[in-house]
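# Descriptive analysis of the structure
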Amino acid sequence: MKTTAPSKKKVSLKSIITIKIKSIIQRYKIYQIRLMQGLKWIGASWKETPVSGRTKINDLFRGLDEDRDLLVKRLKAGQNLYPNCDTSIWLRNCTREISSPIQGKIEGHIPEWLSGSLLRNGPGSIRVGNYEFKHLFDSSALLHRFAFKNGTVSYQCRFLESNTYKQNKAAQRIVVTEFGTKACPDPCKTIFQRFSNVFKWGEDQSDNAMISIYPIGDEYYTLTEYPIMIRINPTTLQTLNSTDIARMIGIVHHTAHPHVEADGAVFNLATVPKINGPHYCVVKFPRFNPETGCQNSTDEMFRQICIVASIKCRWPLHPGYMHSFGMTEHYFVIVEQPLSVSLSSAILNKFKGNPLSSAFKWFQDCPTLIHLISRCDGKTVKIYESDALFYLHIINQYEEGNHVVIDICCYRDPSMLDCMFVEALQNLNKNPDYATMFRSRPLRFVLPVYNDSTTSDNARNSYHYVCPQKLCDLGCETPRINDRKIGNKYRFFYAISSDVDAKNPGTLIKVDTYKKTCSTWSERNIYPSEPIFVSSPDAQGEDDGVVLSSIIWGGTENTNQAGVVILDAKSWTEIGRAIFVTESPVPKCLHGWFADGV
């Protein structure tokens, strides 16, 4: 039998690739050694810092957790550890969309002046064919619309038809690796194709934008943390088109919570790879053309996107994980927590097709850094440090005198991300550490800004330790405020409970930051979502208006039911609600927006 000699070109290509891989691995090992030496030095220096007179973050959580030994005894006795919390509300699978609005049963009173759409985004189905996603953040995005007009409310829901959703649906399997879920292997891909895709960050990347909804110009977009925004029709919930921000400005990640200024300009925090390491960059989508002063269309806002501030990540191989950031009149506030993404692990995961979550690294002994950046010139004004903490959502931030105040929903560590794995949610009542892992508290950090010209350069540039104070003693998540107060001094914020061991985990919370007091609303077996404030037409006070929250019911009897509750924001009492019977289960949602007049 005649055999064909191997091609010299192919052998040469393999040799070149092998040499390059070995070179990359060798350089990584050197960088990794240097990085770990630096981290050990930082950790040692942090531990040696005198702590007398400081309120440590762990101290603010002391006494909140139930005795673990008692929980273990209850577990051994066959008791449910958290009998009041039903996590199945996150794991329901919507099987029938509601394309045409349906009318709901009204209880109480719906204000006549309330006109617009409460748009919601979140998990819609954890199942694709015979396969299931492993993490809640991977679930196929489901959009909801509660439309208010003349005292009536209608409801509809539709899946976000992202490319990932359409590919999964066509293949009836998970074809794209998500945050916590590995895709089913594609037998057609060779090892060299997988290696090539490592350096094509947009390839095989999920665009399942299931976290939030924000207005950009005259349009509405769904967002996730990968820089692809998907435009939707706010009245039909139809998926229109997507915009790949990564291709426009070279970013690899952005937060799911941008800031929309009063003039319509949009700002977001992104991670941008550069020659000297990754940087955190604030990007701007300008609503007005700076040269002509004319208002930009939405497309023009995207075309004129620009970087207005940039700072280098503290660890070149471990950029921090960012989910939100702060903005005041004069400053950007970037909170760099010690939860990072290992670039080497991320590259290896991409080659192997493993999920990003396994590339997360938590440095417990390293401080949280808070960067104060000037909006005027994009330069760092000062860097502050505090204890290690994990956060997803910043409540608000504002300037007061010679200080910047920032309020954050804080956790002791990122364990709550592990709590959102499907298996963890299903086994909630078998885990005596679950409530502790999910424990959060709203904390306030007061940052002194040294603008005195007599202050020395060393004092101005040195890190300043900040001790937080607790705003209330309830676990708060998905916080919202009166949008007119964003970036300004405010008094009230609204949130849902994050205490799974509470008497009623389905609680809506109003916090008075002046008095450090709380008001709560709850009803047995009802689980509300992120509360959104809508100001009344002739509002006089900050809380003069209503708070809207979509609701679902726990248990197995009312899975095919959705609703929305309207609370008077001032008295924190229910005004009315609308209840809708659906043809398939409705899961709990995450974030949304009130589209006025839509």
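Residues numbered from 1 in each chain as written. Predicted model: local features only at pLDDT ≥ 70, side-chain atom pairs only at ≥ 80, totals over all residues. Heavy atoms only, no water.

What follows deals with the state of the cysteines. Should the sulfur atoms of two cysteines be covalently bonded, the bond is a disulfide. For the coordinates displayed, the defined rule picks out zero disulfides. Of all cysteine sulfurs, the one in C518 lies closest to C472, which takes part in no disulfide; the gap is 3.5 Å. Distance from the sulfur of C476, which forms no disulfide, to the nearest cysteine sulfur (C472) is 3.9 Å. Residue classification places C476 among the buried residues on the basis of a relative accessible area of 0%. (Disulfide = S-S within 2.5 Å. Buried < 20%, exposed > 50% of the residue type's maximum accessible area, 1.4 Å probe, protein only.)

Let's shift gears to the confidence of the model for the chain. Overall, the predicted model of the chain reaches an average pLDDT of 89, with 85% of residues at or above 70. Counted against residues more than four places away or in other chains, residues 1–10, with its pLDDT under 50, gives one contact. (pLDDT = per-residue confidence, 0-100. Contact = heavy atoms within 4.5 Å.)

Residues of helix α4 (residues 163–171) that are buried include every one of T164, Y165 and N168, and no others. Relative to the axis of α4, the buried residues are bounded by an arc of 100° and lie together on one face. On its buried side, α4 packs onto β4 (127–128), β6 (140–149) and β7 (152–159). Directly beyond the C-terminal end of α4, a positive phi value near 55° is found at Q172. (Helix = DSSP H or I, 4+ residues; strand = E, 2+ residues; numbered from the N terminus. Arc of directions from axis to C-beta.)

Turning our attention to the sheet that holds strand β25 (residues 440–448). Read from one edge to the other, the open sheet built from four strands follows the order β23-β24-β25-β27, with strand pairing classed as antiparallel. Each end of this open sheet is capped by a strand with a single partner; those strands are β23 (390–400) and β27 (469–470). In terms of strand pairing, β25 meets β27 through two bridges, oriented antiparallel. By the bridge assignment, R444 is partnered in β27 with Q469. (Pairing = 2+ DSSP bridges.)

This part is about the UniProt feature "binding site: Fe cation" (unreviewed entry) in the chain. When the UniProt feature table is mapped onto this chain, "binding site: Fe cation" (unreviewed entry) is found at H257, H323, H393 and H591. Taking the farthest pair of C-alpha atoms as the criterion, the annotated set spanning 335 residues converges on one region, since that pair is 12.8 Å apart. Structurally, H257 can be placed in the loop between β12 (253–254) and β13 (259–260). H257 sits in the buried class, given a relative accessible area of 10%. In contact with H257, not counting residues within four places along its chain, are I211, S212, Y214, N268, H323, S324, F325, H393 and H591. Reaching out from H257, the side chain makes a polar contact with the side chain of H323 at a distance of 3.1 Å. Of note, H323 is situated in the loop between β16 (306–312) and β17 (326–327). Under the relative-accessibility criterion, H323 is labelled buried at 6%. (UniProt positions renumbered as here; feature names shortened; annotations may be inferred. Polar contact = N/O pair within 3.5 Å; in protein donor to acceptor, adjacent residues only side chain to side chain.)

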